[in-house]
Amino acid sequence: MTSNDLSLDTLLAQAGHFVDGETGAVVPPIHSATTYARNDRYEAADYIYSRNANPTGAQVEHVLARLEGAEEALAFSSGMAAISAFFDTVGSGAHVVAPRVMYHGAAELLRRLAERHDVEVGFFDPSQPGALDAAVRPGRTSVVWVETCVNPTWDVIDIRAAAGTARRSGAVLGVDATATPPVTLRALELGADIVFHSATKYLGGHSDLLAGVLATRRADERWEEIKAARTRMGGVLGAFEAWLLLRGMRTLHLRYERQAANALAIARHFEGRPGIEAVLYPGLESHPGHEIAKRQTGGSFGAMLSLLVEGGAEAAKRVATRTRLFVPATSLGGVESLIEHRASVEGPLSAVPANLLRLSIGIERADELIADLEQALA
Ligand SMILES: Cc1ncc(COP(=O)(O)O)c(C=O)c1O
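Scope of this entry: the structure provided in the associated data block. As the structure is a computational prediction, the values presented were derived from the model and not from experiment. (Residues numbered from 1 in each chain as written. Predicted model: local features only at pLDDT ≥ 70, side-chain atom pairs only at ≥ 80, totals over all residues.)

Around the ligand, a shell composed of 16 residues is seen, among which Ser-78, Gly-79, Tyr-103, Ser-198 and Thr-200 lie nearest. Elements represented by at least two residues in the shell around the ligand include exactly α3 (79–87) and α4 (104–117). Taken together, the residues that form the shell around the ligand break down as five nonpolar, nine polar and two charged. (Near = placed C-beta within 6 Å. Helix = DSSP H or I, 4+ residues; strand = E, 2+ residues; numbered from the N terminus. Nonpolar A, V, L, I, M, F, W, Y, C, P; charged D, E, K, R; others polar.)

Quick look at the environment of Ala-267 now. With respect to the element layout, Ala-267 can be found in helix α9 (residues 252–270). Between the C-alpha atom of Ala-267 and that of Leu-280, which follows or precedes it by 13 residues, the distance is 8.0 Å. The contacts of Ala-267, once residues within four sequence positions are left out, are Val-279, Tyr-281, Gly-283, Leu-284 and Leu-305. (Contact = placed C-beta atoms within 7 Å.)

Look at the link from Asn-151 to Pro-152: it is a cis peptide, with omega at 10°. Looking at where Pro-152 falls in the secondary structure, it is placed in the loop between β4 (141–147) and α6 (159–168). Of note, Ala-15 is a non-glycine position whose phi angle comes to about 45°, a positive value. Among the structural elements, Ala-15 can be located in the loop between α1 (8–13) and α2 (55–68).

So, on to the sheet that holds strand β12 (residues 356–360). Pairing in this open sheet of five strands is mixed, and the strands run β8-β9-β12-β11-β10 from one edge to the other. Whereas interior strands pair on both sides, the edge strands pair on one side only; in this sheet they are β8 (276–280) and β10 (327–328). With four bridges joining them, strand β11 (residues 338–341) and β12 adopt antiparallel strand pairing. For Ile-339, the partnering residue across the bridge sits in β12 and is Leu-359. (Pairing = 2+ DSSP bridges.)

Right, let's get into the packing of α3 against α4. Where α3 contacts α4, the two axes come as close as 11 Å, and the packing angle between them is 30°. Comparing the axis directions of α3 and α4 gives the class roughly parallel. Crossing hand, α3 versus α4: right-handed. Every residue of α4 that contacts α3 at Met-80, Ile-83, Ser-84 and Phe-87 is listed here: Gly-105, Ala-106, Leu-109 and Leu-113. Of the residues in the contact of α3 with α4, the class split is six nonpolar, two polar and no charged. (Axes fitted to C-alpha atoms, helices over the stretch in contact; angles between N-to-C directions. Parallel < 35°, antiparallel > 145°, perpendicular 65-115°, else oblique. Left-handed = near helix turned anticlockwise from the far one by under 90°.)

Remark: a regular strand shows side chains that alternate across the two faces of the sheet. With respect to burial, strand β5 (residues 172–176) is a largely interior element, five of its five residues being buried. Alternating positions in β5 separate into two faces, Val-172, Gly-174 and Asp-176 on one and Leu-173 and Val-175 on the other, with burial throughout. Note that β4 and β5 share five bridges and pair parallel. Counted as the bridge partner of Val-144 is Leu-173 from β5. Taken together, β4, α6 and β5 form a β-α-β motif whose crossover is right-handed. Inspection of the sheet shows β5 paired to strand β6 (residues 194–198) by three bridges, in the parallel sense. Note on β6: the bridge partner recorded for Asp-176 is Phe-196. (Buried ≥ 20, exposed ≤ 12 C-beta atoms within 10 Å, placed from the backbone. Right-handed = clockwise from strand over helix to strand, strands pointing away.)

Next up, the structure:
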């Protein structure tokens with residue numbers, strides 16, 4: 001069996017079927033060198049300077065490309081560094097389309113692009129079917145940016161349909177798949193041109209590193225521009241973080257399975273509970289995006305959910321201060337469960353309901369997490 005035949009689970013467990021050719025080590029070394037010697041004809045080898053690329057990063061990129069079915073992948077020093085490099089390729093005067101509710105850091109970046117670089121951004125409502133089609137201007141829109149399910153209301157975007165819309169108008173489709181790592185959804189297979197992850201979240205999985213990933217269907221001109229942007233802006237992933245990311249990814253499939261099972265149990269428990277206005281989770285059959293999510297994830301609905309608490313912002317914040325297991329902190333995707341009053345974090349421009357609590361579900365026991373939320377709500 002060659003490494004090309006391996007399942008994603010086996011590929012992950014073996015960090016890309018890695019065995020060091022020289023030493024037999026089953027864990028890749030951390031190449032901390034920032035610079036690489038030329039040969040006696042003064043020719044550069046594969047590596048020159050580690051802001052361009054480094055061997056530890058290259059190993060993690062190799063595994064990421066395989067996971068996504070991509071021609072190439074690039075690792076960045078954070079998710080936002082990756083998103084910034086992607087949008088650095090958007091020329092002034094361009095028209096970009098993105099969801100009105102989305103990761104607020106990316107929304108802020110788009111607003112700045114609009115203010116400073118004459119880029120027109122059309123925000124569409126991801127909860128409304130047909131809204132993306134209506135926002136795209138055929139022949140004019142150059143980039144469609146979506147999230148697989150939007151953070152933090154978890155409206156599901158039909159990636160195959162979005163790809164059709166983008167293709168028909170001659171635009172590139174970039175997909176933020178942070179909430180649905182490639183063990184559950186492969187955005188390039190669904191028609192995306194470029195897939196993005198904040199690897200700080202599920203890919204790393206332990207809340208101990210910042211990283212971002214872009215993976216591309218084709219290593220085309222735009223991709224070369226993104227690579228050049230990474231070098232120019234200095235957003236490359238450091239060797240230690242690349243090593244840590246690869247280590248975290250070895251258990252991604254196991255972590256994600258447990259986290260998603262916990263999330264489903266929690267969502268089912270709180271749906272319809274007095275004091276809870278709504279549970280926003282695509283795994284619930286009542287969720288408007290349930291069928292699309294089922295189709296594009298193969299039936300795993302992820303480990304992010306939000307609760308709308310009766311009593312408004314103050315009641316929601318009170319719950320977030322009373323949990324004992326859920327840690328009141330931002331971020332998501334780690335093995336520990338987190339709770340967050342999202343509107344407080346996003347500030348005055350937030351489109352998020354004031355009574356929304358975002359939960360990132362970890363690998364603890366579901367019954368203990370449920371009991372913790374129950375006592376915080378009581
Ligand atoms: C959906 C999503 N996209 C992008 C980002 C940005 O990633 P990073 O914090 O690694 O820069 C985040 C971070 O919270 C996120 O949740």
